[in-house]
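# Working through the structure, step by step
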Amino acid sequence: MANGQWGLLAEWSTVWAKRPFDHSTTRPTGIIPRVLDSLKNFTAGLTRTRQAVFGRIASIVGASEITDDTWDELEATLIQADMGVAVAGELIARLKKHVRDEGVTQEHDLRAFLRQELIAQLKAAPLPRLLGDPAVLLMVGVNGSGKTTTTAKLAKLLHDRDGVTPILAATDTFRAAAIDQLKEWGHRLNVEVIAGQPNGDPGAVVYDAIAAARARRADLVIVDTAGRLHTKFNLMEELKKVRGVAAKASAGAPHAVLLVLDSTTGQNGLAQAKAFTEAVGVTGLVLTKLDGSAKGGVAFAIHRDLGLPIVYAGLGEKLDDLVPFDPEAFVDGLLE
Ligand code: GDP
């Protein structure tokens, strides 16, 4: 099993251990089916990137003779998928060396080597431990990235899989629609949503949500933050304030800060990611809309440039379309 999944299980098992009530009936079961599901999800979700890019690799390298043109074509294809010039260049160099050193002529040998190299690029760092009273998870990112949808998906995933009771905090008080959207998800999920008044203080919402979680003995507060504010406010300053309130209200909070990035925008998201990382200390990434993108290669560029683990992947618009990011299943989804 991939490190990421073990990491999450370990992470949440500390929460179970802490809670005074018995979670044993809700502990996750059926680990092997989940791994297979994960591969199935990635295979379906990554169809566009696979067809546009990685599926072509086999035919490019499967040609009877590998020439300089073959390598150029391959590199251009990888760059088109937004893998990034540096990652693509290094990968091509390693493939060339492998072909030269090993005298590889068989396509499946090269494919196996490529698979191994791609997985190695995505090795996940250890995940932060979500242990708190309650644990607080900040979701950040620009509007439209899929932040609110991912907040709802994550609440469902952590509840269904790990038996976690979440509370959602709608802190985008500048957009009434954003509050309504989260309330609607909460209603569908039967999860409590704490929201403020329009144009109210987002920090107060976080404070109230943490207090509500304590009162209801909920394990986790997932905070859906604003992605763009009224012009007189600075988004990053506002997010820092929200972070500060969380830190005061619950020891060790925020226990994780997840940056939601839209993979269809490819590498344009990188500058954005750096700004959020500097302002609020992002601890992990969620790459959304991988199903609608031919730029799934961006996962490699992002991982390399930011050095942050990709924790979850969004593979569709439905509530169940969020999966823990598993480098092996991801790469197999690109290549299969
Ligand atoms: P926010 O402004 O960042 O909160 O973004 P929303 O959560 O409102 O999402 C914007 C749009 O992206 C909505 O139409 C979502 O259904 C869609 N969306 C979010 N995640 C995914 C995903 O993984 N795949 C696809 N295809 N659409 C997604």
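Here we summarise the structure given alongside this text. (Residues numbered from 1 in each chain as written. Predicted model: local features only at pLDDT ≥ 70, side-chain atom pairs only at ≥ 80, totals over all residues.)

Moving on to the site of the ligand. In the neighbourhood of the ligand, 18 residues make up the surrounding shell, with Gly 146, Lys 147, Thr 148, Thr 149 and Gly 314 lying closest. A total of three residues in the shell around the ligand trace back to one element, the largest contributor, which is helix α7 (residues 147-162). Class assignment of the residues belonging to the shell around the ligand gives a composition of one nonpolar, 12 polar and five charged. (Near = placed C-beta within 6 Å. Helix = DSSP H or I, 4+ residues; strand = E, 2+ residues; numbered from the N terminus. Nonpolar A, V, L, I, M, F, W, Y, C, P; charged D, E, K, R; others polar.)

This paragraph deals with the pairing of strand β4 (residues 220-224). A large share of β4 lies buried, amounting to five of its five residues. A two-sided burial pattern is seen for β4, the buried positions comprising Leu 220, Ile 222 and Asp 224 on one face and Val 221 and Val 223 on the other. Pairing between strand β1 (residues 135-140) and β4: five bridges, direction parallel. Note on β4: the bridge partner recorded for Val 136 is Val 221. (Buried ≥ 20, exposed ≤ 12 C-beta atoms within 10 Å, placed from the backbone. Pairing = 2+ DSSP bridges.)

In a beta sheet, neighbouring strands are held together by backbone hydrogen bonds and run either parallel or antiparallel to one another. Reading across the sheet, the eight strands line up as β3-β2-β4-β1-β5-β6-β7-β8 and stay open at both edges, with mixed pairing between neighbours. Because the sheet does not close on itself, it has two edges, and the strands there are β3 (193-195) and β8 (322-324). For this sheet, the mean angle separating the axes of adjacent strands, direction not counted, is 25 degrees. Here three bridges tie strand β2 (residues 166-170) to β3, and the two strands are oriented parallel to one another. (Axes fitted to C-alpha atoms, helices over the stretch in contact; angles between N-to-C directions.)

On to the pairing of strand β6 (residues 284-288). Counting buried positions along β6 gives five out of five residues, so the element sits mostly inside the fold. Of the two faces of β6, the one lined by Gly 284, Val 286 and Thr 288 and the one lined by Leu 285 and Leu 287 are each fully buried. Sheet analysis places strand β5 (residues 256-262) next to β6, joined by five bridges and oriented parallel. Pairing of Leu 258 across the sheet is with Gly 284, part of β6. Between the parallel pair β5 and β6, the chain is carried across by helix α11 (residues 269-280), and the sense of this crossover is right-handed. Where β6 meets strand β7 (residues 310-314), three bridges bridge the pair, whose relative direction is parallel. Looking at the pairing, Leu 287 lines up with Ala 313 of β7. Between the parallel elements β6 and β7, the chain passes through helix α12 (residues 298-306) in a crossover that is right-handed. (Right-handed = clockwise from strand over helix to strand, strands pointing away.)

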